[in-house]
Amino acid sequence: MTRLSGKTAFVTGGAGGIGSAICSRFAKEGAQVVAADLTAEEAPSGNISSLRYDVTNEEDAKMAFETLLERWGKLDILVNAAGIEIEKTIEETSLEEWNRIFAVNVTGMFLTSKYALPLLRRSAGASVINFGSYDGFIADPGLTAYCATKGAVHALTRAMACDHGPEGIRVNAICPGYVDTPMLQSFFRDAGDIDSLKQSVRDVHPIRRYGTPDDVANLVNWLASDEARYATGQLWVIDGGLSAQVQQMKL
Ligand SMILES: NC(=O)c1ccc[n+]([C@@H]2O[C@H](COP(=O)([O-])OP(=O)(O)OC[C@H]3O[C@@H](n4cnc5c(N)ncnc54)[C@H](O)[C@@H]3O)[C@@H](O)[C@H]2O)c1
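Rules behind the numbers
- Residues numbered from 1 in each chain as written.
- Predicted model: local features only at pLDDT ≥ 70, side-chain atom pairs only at ≥ 80, totals over all residues.
- Heavy atoms only, no water.
- Near = heavy atom within 4 Å.
- Polar contact = N/O pair within 3.5 Å; in protein donor to acceptor, adjacent residues only side chain to side chain.
- Areas by Shrake-Rupley, 256 points an atom, 1.4 Å probe, with all protein chains shown as cover.
- Phe/Tyr/Trp six-rings, centres within 6.5 Å; stacked < 30°, edge-to-face > 60°.
- Helix = DSSP H or I, 4+ residues; strand = E, 2+ residues; numbered from the N terminus.
- Buried < 20%, exposed > 50% of the residue type's maximum accessible area, 1.4 Å probe, protein only.

## Some details on the site of the ligand
Residues in close proximity to the ligand total 28 residues, the closest being Ile 18, Asp 37, Tyr 146, Val 179 and Thr 181. Residue Gly 17 places a main-chain N or O atom 2.8 Å away from an oxygen atom belonging to the ligand. Separating a nitrogen atom of the ligand from a side-chain N or O atom of Asp 54 is a distance of 2.9 Å. Here the ligand loses 91% of its free accessible area of 820 Å² to cover by the protein chains.

## Describing the packing of aromatic side chains
Summed over all chains, the structure comprises 6 aromatic pairs. Measuring from centroid to centroid gives 5.2 Å for Phe 10 and Tyr 53, while their planes differ by 80°, and the two rings are edge-to-face. Remark: Tyr 53 occurs in the loop between β3 (48–52) and α2 (58–71) and Phe 10 occurs in strand β1 (residues 8–12); sequence separation between them is 43 residues. Assessed through its relative accessible area of 3%, Tyr 53 is described here as buried. Taken together, a centroid distance of 6.1 Å and an interplanar angle of 45° make the contact between Tyr 134 and Tyr 178 tilted. One end of the pair, Tyr 134, is in the loop between β5 (126–131) and α4 (144–164); the other, Tyr 178, is in the loop between β6 (169–176) and α5 (182–189), and 44 residues separate them in sequence. The exposure class of Tyr 178 is buried, given its relative accessible area of 14%. An aromatic cluster is present here, built from Phe 10, Tyr 53 and Phe 65 joined pairwise through their rings.

This is the structure:
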């Protein structure tokens, strides 16, 4: 498996559930990878280096890509996977919480992309993959601010694809449903009977399970590769069929 041989990749949220699966997969496919996250975890492979990086901090973005310009001279793959979730209705959400989730989920993507673009332009086939969500199309109750940020990510993805397609930079968004990661575990933690909730969540999927980080990394890997050379400006839903069905049929 060397689909990404010779490529370089920068993954925000690279220590998270989905981000770390993506970093491992990229490394197995032959890419050199920077896993950028709030805390720099022990890198699991020689091809992956960890970077302490806060997506809300413009200085971090400037420094990271100045360093990568010297080290690699280009960037082929950018994955914007850092994200947080707030489980509240709009009345329960404080202005500080609203600003924080937009700072991480949307402004963080803007800042990282802005400073990565000069390096992406130097690639022979650059690919940017943003993390949206099926929550950017349809709403989970009690996730108002999160849903709003993911709608913004979807619009940002299309706009970036239009602006940078002529420069040879493809931009897509992955829109997962439920994926088994620390973010999902925290979502379940606040529920009363966790086992029965988990079973109900599995049952509501046509495919009868929720996703794994590797399910998502498979799609990211393809979008990052040259096989996806004609794919840009799209919102790729990967949700076990969750959003394909008419929910009223379950009543
Ligand atoms: N897990 C799901 O069910 C699911 C569903 C749809 C979309 N997503 C999206 O996928 C992406 C990855 O989510 P995950 O499930 O792996 O979550 P996760 O909580 O396991 O990982 C998120 C990572 O982002 C990092 N992060 C948070 N704030 C940061 C900041 N300011 N700077 C740098 N890193 C920061 C965290 O430290 C963490 O490692 C997120 O954008 C999330 O919204 C997840």
